[in-house]
Protein chains: 2
Amino acid sequence: MDGRPVMLAVAGDSATGKTTLASGLVAALGGARATAVNLDHYHRHEREERAAQPFTALHPRANYMEVMAQHLQLLALGQPVLQPVYDHATGRLGRPALVRPADYVIVEGLLGLHTKLTRACFDVTVYVELAEPVRRMLKISRDVHERGYTEQQVRDELERREAEAAAFVRPQRAHADIVVRFAPIEERGEVGTDPLSATVLLRPTIDHPDLAAIVSPEHQKAIHLKLMRDDDGKPVDALHVHAYAPPDVTRQVQEAIWSNLGSQRPLPACLGRLGEGRRSEPLAIVQLILLHHLLGPAA
Amino acid sequence: MDGRPVMLAVAGDSATGKTTLASGLVAALGGARATAVNLDHYHRHEREERAAQPFTALHPRANYMEVMAQHLQLLALGQPVLQPVYDHATGRLGRPALVRPADYVIVEGLLGLHTKLTRACFDVTVYVELAEPVRRMLKISRDVHERGYTEQQVRDELERREAEAAAFVRPQRAHADIVVRFAPIEERGEVGTDPLSATVLLRPTIDHPDLAAIVSPEHQKAIHLKLMRDDDGKPVDALHVHAYAPPDVTRQVQEAIWSNLGSQRPLPACLGRLGEGRRSEPLAIVQLILLHHLLGPAA
């Protein structure tokens, strides 16, 4: 690699789709150009040890925050790190793994934007939210099927985590350049059983792609930008990406953003991929906007 | 810790007494002031994996050399590192451990002085040698009793390692400020079955304590300095520390160096300790000279 990599962070609560979002980006960039880094490996304790602690894995004290910041700084400088490895299936810490930064480093984790020092390592920061009933359902399903918990254990854990999520995870939302919320857009009459739409806050902390120039007016059914005020009153662009838009329109929007990147390759099929063959077109559009941030418009 | 720690390296071949030398220093300084770092944890492979490799654990390719240099740089700057952990008893790599540098960082390892980048991290560099028949005997004994090898396996391993020891370990001798050799001093008629004397090369690459001022003339039986030429023709001070000197004389020399350090505590009993209750007075004197380098003379 020549020089410093471009670093993107995806932060957010457990089971909000961080890995799905990030791994689509890594797949679209290609393994030779992109390095995936998961910060949840920086847990200090194994699952059994954690049971005796007065806090959950969400708490900064449950994580090597100082080492996490150090490793992110090293990666941002183009240096390799020997990253700890936490096996979510067994809850055990194992032998560390060498991670060498490629041109793009896609970082995901519960606490990636917790400190100023970690935030300073990133070129683009993203905070992901998922409609709470969907998040709970996904977390229970994943932790039961992939991590060996019982359903009751996951429900109890969600309960135990709530105060720490409020104290340490959700405040990171304020520090992201981009906030992505996958949820029904209620003001448009969407309900929870619909495929999830995305609301994307494009904050003025960084430059964003000029979507008005990329997406043509007739595609406004699928995606439209609205000037509004953020939670703190600051001006922000809010992008609505509707899940109910017709597939051909959504596809045209995706092609438009992709071709604006100047790639000779066809639109990567990995974008928008959920799991088990399912897809989310709003997710694909969010990933394309993030790719636009990473790759920049065609020269 | 305020600012940067003082860093000392002990390099040398397997079973030359690096750990014995280093742990005596750490014990004398005290755990609150000294951090022990063992670089042999930076092995890339577990023992079983290594069996399939065309090189032994001595080879730089068998070690995370780049990460080792990075961690030494971080420690030298006073930063903690998450160090890999190789269990010599089982030959397995385990969960990493947080190492936070105290005022003094005592580093030992097979390859600590292999690269210019690692050497630059140290204030004092030491290379240790042990008379070869004694080293072979100690290595066999240790690897059989503590590391689960058979005697024949250790003999085969010594054979396999020889070319790599010559190529990567022994050249580090040229880069040390201090070379310590525990062996019979043949020009004085000592033989292999005697307690081992020490020959200490005090190279002009750093300032050394003024031993002529510290050790009085009547103690020259135990310890004496001789101006000579190093292997490469450069001038060097060679210190002979004789194992056959009377215990009371050796003790007086030790007390003289110790009191020159201005400590109010008595001479630490941990200096010169071998294992199983055995002692080496030349080792104690070598450790005292190294403590002098770390602590400096009393103001």
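Keep in mind that what you see is a predicted model, and the values were worked out from it rather than measured. (Residues numbered from 1 in each chain as written. Chains lettered and ligands numbered in written order. Predicted model: local features only at pLDDT ≥ 70, side-chain atom pairs only at ≥ 80, totals over all residues.)

*Asks:* Outline the relation of the copies chain A and chain B, supporting the account with residue identities and numerical values.
*Replies:* Superposing chain A onto chain B takes a rotation of 180 degrees plus a shift of 0.0 Å along the axis, which leaves an RMSD of 0.0 Å. On the angle and the small slide along the axis, the relation comes out as a two-fold axis. Take the interface residues of chain A: 100% of them recur as interface residues in chain B, which is what a same-surface contact looks like. (Least-squares fit on C-alpha atoms with pLDDT ≥ 70 in both. Contact = placed C-beta atoms within 7 Å.)

*Asks:* Describe the interface of chain A and chain B, listing the residues and the values that go with them.
*Replies:* On the side of chain B, 14 residues touch chain A, which itself brings 14 residues to the contact. Put simply, the parts of the chain that give the side of chain A that touches chain B at least two residues each are helix H3 (65-76), strand S3 (81-87) and strand S4 (92-99) of chain A. The element best represented in the side of chain A that touches chain B is S4(A), accounting for 5 residues. Partitioned by chemical class, the residues of the side of chain A that touches chain B number 9 nonpolar, 3 polar and 2 charged. (Helix = DSSP H or I, 4+ residues; strand = E, 2+ residues; numbered from the N terminus. Nonpolar A, V, L, I, M, F, W, Y, C, P; charged D, E, K, R; others polar.)

*Asks:* Lay out the pairing of strand S6 (residues 124-130) of chain A in plain terms, naming residues and giving numbers.
*Replies:* Residue and element names in this part refer to chain A. Counting buried residues along S6, 5 of its 7 residues qualify, which places the element largely inside the surrounding structure. Where strand S1 (residues 6-12) and S6 come together, 5 bridges link them in parallel fashion. In the strand pairing of S6, Leu8 is matched with Val124. When S6 meets strand S7 (residues 178-183), the two strands line up parallel, connected through 5 bridges. Counted as the bridge partner of Tyr127 is Val179 from S7. (Buried ≥ 20, exposed ≤ 12 C-beta atoms within 10 Å, placed from the backbone. Pairing = 2+ DSSP bridges.)

*Asks:* If you had to explain helix H8 (residues 247-260) of chain A to someone new, which residues and values would you point to?
*Replies:* Residue and element names in this part refer to chain A. Compared with the 20 Å implied by 1.5 Å per residue over 14 residues, the 20 Å span of H8 between its first and last C-alpha is a close match. Where H8 is concerned, the buried positions are Thr250, Val253, Gln254, Ile257, Trp258 and Asn260. One face of H8 carries all of its buried residues, which in axial projection span an arc of 165 degrees. Exposed residues pointing more than 90 degrees away from the buried face of H8 are listed as Asp248 and Ser259. If you follow the buried residues of H8, they end up packed against helix H7 (211-214), strand S9 (223-229) and helix H9 (281-295). (Expected span 1.5 Å × (residues − 1). Arc of directions from axis to C-beta.)

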